[in-house]
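In case you want the letters, here they are:
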Amino acid sequence: MLADIGRRALLAVFTVWAIYMLAFAIIQLPPGDYVSSYIAQMASMGSVVTDEEAQNLRIQYGLGQPIYVQYWKWMKQIAEGNFGFSMEWRRPVTEVIGERLWLTVVVAVSALLLTWVLALPIGIYSAVRQYSIGDYAATFVGFLGLAVPNFLLALVLLYLGFTLFNAHIGGLFSPELQDAPWSLARVWDLLKHLPIPALILGLAGTAQQIRIMRANLLDELRKPYVVTARSKGLTEARVILKYPVRLALNPFASTIGYTLPYIVSGSIIVSLVLGLPTVGPLLLKALISQDMFLAGTIVLLLGIMTVIGTLISDIVLVWIDPRIRLEDT
Amino acid sequence: MAVAADAGPLPSAPTADKQRIFVASQWQLMWWRFRKHRVAVASAIVVGGFYLAVLGADFLAYSDPNASEAQRGLMPPQAIHWFDDGRFRPHVYGLKGARDPKTFKRVYQADPGQKIPIRFFAQGFEYRFLGLIPMSRHLIGVDPGRDASGTIFLLGTDVQGRDLWSRLMFGTRISLTIGLLGVTMSLVLGVVLGGFSGFYGGVADTVIQRIIEILRSIPTIPLWMGLAAALPRDWTILQVYFAITVIISLLGWTELARVIRGRFLALREEDFVVSARLVGCTQMRTIFVHMVPSFMSHIIAATTLALPAMIISETALSFLGLGLRPPAISWGVLLQQAQNVQTVAISPWLMLPAVPVIVVVMAFNFLGDGLRDAADPYGR
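## Considering the overall build of chain A
So, point 1. In terms of regular secondary structure, chain A is built from 16 helices and 2 strands.
So, point 2. Here chain A, with 329 residues, has 36% of them falling under the buried criterion.
So, point 3. In chain A, 74% of the contacts between residues at least 6 apart in sequence involve partners at least 24 apart.

## Regarding the overall build of chain B
So, point 1. Of the regular secondary structure elements, chain B holds 15 helices and 5 strands.
So, point 2. Compactness check: chain B gives a C-alpha radius of gyration of 27 Å against a globular reference of 21 Å for 380 residues, more than 25% above the reference.
So, point 3. In chain B, which comprises 380 residues, the share counted as buried stands at 38%.
So, point 4. Of the contacts formed within chain B by residues at least 6 apart in sequence, a portion of 68% connects residues at least 24 apart.

## Here's the deal with unusual backbone geometry
Residue and element names in this part refer to chain A.
So, point 1. One non-glycine residue, Tyr131, adopts positive backbone phi at about 65°.
So, point 2. Along the chain, the position of Tyr131 falls in the loop between α6 (99-128) and α7 (133-147).
So, point 3. For Tyr131, a count of 9 C-beta atoms within 10 Å corresponds to the exposed category.

## Regarding the confidence of the model for chain B
Caution applies to low-pLDDT regions: their predicted coordinates should not be interpreted in detail.
Residues and elements named next belong to chain B.
So, point 1. For chain B, per-residue confidence averages 78 on the pLDDT scale, and 91% of positions sit at 70 or higher.
So, point 2. Predicted confidence for residues 1-10 stays below pLDDT 50, and this span has 1 contact to residues more than four positions away or in other chains.
So, point 3. Of the two predicted TM-score estimates for the complex, the pTM is 0.78 and the ipTM is 0.74.

## What about the interface of chain B and chain A?
So, point 1. Listed per partner, the contact involves 34 residues of chain B and 41 residues of chain A.
So, point 2. Ranked by the residues each element gives to the side of chain B that touches chain A, the list is headed by helix α8 (residues 220-229) of chain B, at 8 residues.
So, point 3. Of the residues contributing to the side of chain B that touches chain A, the split by class is 26 nonpolar, 5 polar and 3 charged.

## Overview of the nonpolar core
In summary, soluble globular proteins display a tendency toward joint burial of nonpolar side chains.
So, point 1. With 152 residues, the main nonpolar core has A:Leu283, A:Ile298 and B:Met225 as its most contacted residues.
So, point 2. When residues of this core are assigned to their parent elements, the largest contribution, 14 residues, is made by helix α12 (residues 283-320) of chain B.
So, point 3. Residues in contact with B:Met225, not counting those within four places in the same chain, are A:Leu283, A:Leu284, A:Leu287, B:Leu320 and B:Leu322.

## Remarks on the pairing of strand β2 (residues 87-99) of chain B
All names here are of chain B.
So, point 1. Sheet topology note: the strand β1 (residues 81-84)/β2 ladder contains 3 bridges and is antiparallel. Bridged to Phe83 within β2 is Phe88.
So, point 2. From the end of β1 to the start of β2, which pair antiparallel, there are 2 residues, and Asp85 there has a positive phi angle of about 55°.

## Describing the packing of helix α6 (residues 164-200) of chain B against helix α10 (residues 253-268) of chain B
All names here are of chain B.
So, point 1. Closest axis-to-axis distance for the α6/α10 pair is 7 Å, and the angle between their directions is 35°. Once α6 is placed against α10, the crossing between them reads as right-handed. Residues Ser186, Leu187, Leu189, Gly190, Val191, Leu193, Gly194, Gly195, Ser197, Gly198 and Phe199 of α6 lie in contact with α10, whose contacting residues are Trp253, Leu256, Ala257, Arg258, Ile260, Arg261, Phe264, Leu265 and Arg268.
So, point 2. For the contact of α6 with α10, the residue count by class is 11 nonpolar, 6 polar and 3 charged.

## Digging into the confidence of the model for chain A
Residues and elements named next belong to chain A.
So, point 1. Predicted confidence across chain A gives a mean pLDDT of 78, with 85% of residues reaching 70 or more.
So, point 2. Ranking the elements of chain A by mean pLDDT puts helix α2 (residues 34-44) last with 68 and helix α11 (residues 224-231) first with 88.
So, point 3. A low-confidence stretch, residues 325-329 (pLDDT under 50), is modelled with 4 contacts involving residues beyond four sequence positions or located in other chains.

The rules behind the values
- Residues numbered from 1 in each chain as written.
- Chains lettered and ligands numbered in written order.
- Predicted model: local features only at pLDDT ≥ 70, side-chain atom pairs only at ≥ 80, totals over all residues.
- Helix = DSSP H or I, 4+ residues; strand = E, 2+ residues; numbered from the N terminus.
- Buried ≥ 20, exposed ≤ 12 C-beta atoms within 10 Å, placed from the backbone.
- Contact = placed C-beta atoms within 7 Å.
- Rg over C-alpha atoms; globule rule 2.2 N^0.38 Å.
- pLDDT = per-residue confidence, 0-100.
- Nonpolar A, V, L, I, M, F, W, Y, C, P; charged D, E, K, R; others polar.
- Core = buried A, V, L, I, M, F, W, Y, C linked by C-beta atoms within 7 Å.
- Pairing = 2+ DSSP bridges.
- Axes fitted to C-alpha atoms, helices over the stretch in contact; angles between N-to-C directions.
- Left-handed = near helix turned anticlockwise from the far one by under 90°.

Here it is, written out as structure tokens:
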């Protein structure tokens, strides 16, 4: 078991490195650099940046150096916990990202939890009452959930909220608590705003998990041990919950690893539509203005968080089901 | 079987129906099983219809998708009145535009006095049908030579006064072909890498599997955004189109590679593959003549299921303004106009391009599901 976890941890380290390389490459790809987009921005506002100034800026941000030098410098800085300086905001990257990263985590984790809370009972119900109206309804909603891209769902909900209730359902905080320091009232406010983004983000995942749970449980329910359990006079709830559900949970659990990156991805776009104070809108802005340290750091941090989350779910999985130990997935 | 038949009637002689099944080819069996899946058949028809719209987009559109006019911005959809005095004469009412003196917004009022007849196979802008035949007939249209108030807008117009229906037709063309191209590219990558991984195993397998695992544990949207933002702003529509296809497929091949690898692994030790190898078939021949046909159906099903993800990806990227950019038209580009809630609240028809996205994605999902069930020889 330890060897398996070790292997996965090693893979996670490689993944983080791959993400790091990709993040750096992405930032390097666009033609031009921050200074050239800064010059263009200045020119559009009517002021001129002299060549000398541009040169100074490039030296200041280390943009003139060869790519491998820039790469090495960035890597060394990050190892020291210094994520660089956001060129657009003129503040350290860590300060710009600030609590947005944690709010991203909060949104993603609550979406994941909601996925589980909804998918588990609905999946069990669908399997036990196969071909009932409830099953068909769940299947239909499930397919719909898969088919509707979550940013469209966000848009539709915003529209409905706006026209029917004349309320703005976006955001994570009420306006008066937007910039307030953390307090119980603010946490409560956050909790009140969370369900809608969590539901939007979790719906596609929920749909998928319902399908998986239903299929697995149906396979298990046909096995002879279920008949045996029933013939021995166990109550129906016990027959279903004690063994088949437990077994059906395994493949179900192994999908968390793939659900998490999906939810993080989705949260970027949904945050833009709903105006959530997560890293999503920040990333889009940074990419457009080629603010390389900021964009690179966001991609890197999102990647690392996802990898850690996946690793945790892998370990939990090995712990739930002893049978998949050491099994090469 | 043949020997047993010679020995006299069996206790349970196969009926004509069963005999039909025994001699049927694999594809026939698949077709029979697929036909039973009503939703999948209906979905196949829907998907087929959408691709017909792709071919005939310029025939179905009735006005130039890029023709704009400030005088008719944000017109609401016009309802078709099929009958006029009890006779079948489809027409729409003319719209009168005026500025609201309070809000300075353009408001439109239907004018029942002005009936604009809809003509079938009417003359319109010129185009080349299927890219070859020069034509100027369109499925529907109005008499040419009228002023701006005498036109039809089945789904309304956007801010710049462009007809949404016509734009939707052209958007369908781009959004659906980008998905097809992307999935083809993913398929090539998936077959080559997945096949290599499954057929040879060993170190190559381990390396490819780890790469797939790494790719799958990275949140894709931030990566796509980064790659898409890196495209030079001065590229032509065509260049951006292909670049976006490549970006989408580069990250979408992993699922297909996994499916194909699994199939190769399962078949590698099968008797017919071993005997093919023993009689001296080359590896190429073993793979492409003996192995691939036996799981072709699975590949098709997996490909169908991979398509909707591609379509959604393109829509999402273009929606963010990082994918296709105007003047290119795709569903995502059309939806960009619906980004703002205030705009949508006033002109909800701008959200209509979401409908084909949802319908097509659902149809592909059902179709892929049906194909997968039909392709599985052990299915119930």
